[in-house]
Amino acid sequence: ASNDGYLLRNFIEADIPCLGIEPTASTASAAEDLRIPVLREFFGEHVARRLANQGQQADLIVGNNVYAHVPEINDFTSGLKAALKPGGTITLEFPHLMQLIEHTQFDTVYHEHFSYLSLYTVRRMFEQAGLRIFDVEQLTTHGGSLRVFGCHDDDPRAISKSVYGVLSEEESRGLQKLATYQLFQVRANQLKDELLMFLLARKREGERVMAYGAAAKGNTLLNYAGIKPDLVSAVCDAAPAKQGTFMPGSHIPILSPAELELRRPEFLLILPWNIADELKRQYMALAKSGTRFVTAIPELVIS
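Residues numbered from 1 in each chain as written. Predicted model: local features only at pLDDT ≥ 70, side-chain atom pairs only at ≥ 80, totals over all residues. Heavy atoms only, no water.

With respect to the layout of surface pockets
For step 1, the next point in the chain: Size it by volume and the largest pocket reaches roughly 1300 Å³.
For step 2, the next point in the chain: Forming the walls of the largest pocket are 42 residues, and the residues nearest its centre are Ala 1, Ser 2, Leu 19, Ile 21 and Val 62.
For step 3, the next point in the chain: Those elements giving two or more residues to the lining of the largest pocket turn out to be helix H1 (8–13), strand E1 (20–21), strand E3 (58–64) and helix H4 (73–83).
For step 4, the next point in the chain: Looking at which element gives the most residues to the lining of the largest pocket, the answer is E3, with 7 residues.
For step 5, the next point in the chain: Tallied by class, the residues present in the lining of the largest pocket amount to 24 nonpolar, 11 polar and 7 charged.
For step 6, the next point in the chain: Size it by volume and the second largest pocket reaches roughly 340 Å³.
For step 7, the next point in the chain: Lining the second largest pocket, in full, are Asn 65, His 69, Pro 95, Thr 108, Tyr 110, Glu 112, His 113, His 142, Lys 217 and Asn 274.
For step 8, the next point in the chain: When its residues are assigned to classes, the lining of the second largest pocket shows 2 nonpolar, 6 polar and 2 charged. (1 Å grid on protein atoms, 1.4 Å probe; cavity = no way out; pocket = protein on both sides within 12 Å on 5 of 7 lines; lining within 4 Å. Points joined across faces, edges and corners; volume = space filled by probe spheres on them. Helix = DSSP H or I, 4+ residues; strand = E, 2+ residues; numbered from the N terminus. Nonpolar A, V, L, I, M, F, W, Y, C, P; charged D, E, K, R; others polar.)

Shown next as structure tokens:
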């Protein structure tokens, strides 16, 4: 998942040999324009063994926000094993299931994600493939992510205390108990109801609500709650390719952020809650003119 080469270009600039594996033609072309060699295929064990047979095993394999997206995750993991040199390192980043449950981030459950991963589960998959996780970092990205560091199972590197710490925290928060997931549905329903009641009240008062961020998580929230243009008049997004189109399902129009200054809604619902603080700073002028900011996850907050 080397995408447009945003990460690998740094290896090219440092004269470090690298290879991007990216099946999407448009982003692969963008990477190739940066002189990054790209293999236009989906990664898995078959591809990894072919590369290994060609002498192309890696000292470092990086997979940022791809592990949760692959349908055949065990085959992908076996591919990591086949592609890794002895003594090499694997780093994977993915949203942490513990944070998803803890903060009721049900809007991150959508079609691009095939898996929702805990360290406990990833550690088991690595072990089955002949790999071992020796370190882990907790990140703030995507509402809370993990970066795991893996190696071959016979690698001499010791397992860090952070691995045992995260595993213990996952267990204490009930990630291996069915009831934890059953209660998650109840909490998702509560958040949906609170948001709907808020929007209906604004409609009764004749107050305009607009939203920001035509991203996947926002679309999940809007459709789960059954929100239509009568409750949220428009979604603004900075991506020109999205402007002039509609949110799938809800059919809420997507406009340029410039419309916020023109329309000055009473409320702005921030759909990508993970960058809410950044957006509030960016649109400080709106707040000074009377617009209030709203986030719905992990709880309904109006500021």
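Section: the environment of Ser 2
For step 1, the next point in the chain: Relative to the elements of secondary structure, Ser 2 occurs in the segment before H1.
For step 2, the next point in the chain: The class of Ser 2 is buried, set by a relative accessible area of 16%.
For step 3, the next point in the chain: Residues in contact with Ser 2, not counting those within four places in the same chain, are Leu 8, Gly 20, Ile 21 and Glu 22. (Buried < 20%, exposed > 50% of the residue type's maximum accessible area, 1.4 Å probe, protein only. Contact = heavy atoms within 4.5 Å.)

A look at the nonpolar core
For step 1, the next point in the chain: Core analysis: the largest hydrophobic core is formed by 35 residues, its most contacted members being Tyr 67, Leu 80, Leu 119 and Phe 126.
For step 2, the next point in the chain: Taken together, the elements giving at least two residues each to this core come down to helix H3 (45–53), E3, H4, strand E4 (84–95), helix H6 (119–128), strand E5 (131–139), strand E6 (145–152) and helix H7 (161–172).
For step 3, the next point in the chain: If one sorts the elements of this core by residue count, H4 sits on top with 5 residues.
For step 4, the next point in the chain: By size, the runner-up hydrophobic cluster in this structure holds 32 residues, among which are Leu 195, Leu 199, Val 232 and Ala 296. (Core = buried A, V, L, I, M, F, W, Y, C linked by side-chain atoms within 4.5 Å.)

As for the side chain of Thr 220
For step 1, the next point in the chain: Relative to the helices and strands, Thr 220 is located in helix H9 (residues 216–225).
For step 2, the next point in the chain: Filtering out sequence-adjacent residues up to four positions away, Thr 220 remains in contact with Phe 106, Asp 107, Val 109 and Tyr 110.

A closer look at the pairing of strand E11 (residues 292–295)
For step 1, the next point in the chain: Relative to E11, strand E10 (residues 267–270) runs parallel, the two being bridged by 3 bridges. From the neighbouring strand, Leu 269 faces E11, where its bridge partner is Val 294.
For step 2, the next point in the chain: The sheet contact formed by E11 and strand E12 (residues 301–302) spans 2 bridges and is antiparallel. By the bridge assignment, Thr 295 is partnered in E12 with Val 301.
For step 3, the next point in the chain: Linking two consecutive strands that pair antiparallel, namely E11 and E12, is a turn of 5 residues. (Pairing = 2+ DSSP bridges.)

A closer look at H7
For step 1, the next point in the chain: Helix length check: H7, at 12 residues, gives a terminal C-alpha distance of 17 Å against a target of 16 Å (1.5 Å per residue), a fit within 8%.
For step 2, the next point in the chain: Among all positions in H7, only Val 163, Val 166, Leu 167 and Glu 170 are buried. Seen from one end, H7 has its buried residues packed into an arc of 100 degrees, which puts them on one side. Facing away from the buried side of H7 by more than 90 degrees, the exposed set consists of Lys 161 and Ser 172.
For step 3, the next point in the chain: Elements that come into contact with the buried residues of H7 comprise helix H5 (97–102), H6, E5 and E6.
For step 4, the next point in the chain: Where H7 ends, the next residue or the one after it, Gly 174, has phi of about 80 degrees, a positive value. (Expected span 1.5 Å × (residues − 1). Arc of directions from axis to C-beta.)

Observations regarding the sheet that holds E10
For step 1, the next point in the chain: The strand order across the open sheet formed by 6 strands is E9-E8-E7-E10-E11-E12, and the pairing between neighbours is mixed. Looking at which strands have only one partner, the edges of the open sheet turn out to be strand E9 (254–255) and E12.
For step 2, the next point in the chain: Packed on one face of the sheet, helix H8 (residues 178–204) meets strand E7 (209–212), E10, E11 and E12 and runs near 160 degrees to E10. (Axes fitted to C-alpha atoms, helices over the stretch in contact; angles between N-to-C directions.)

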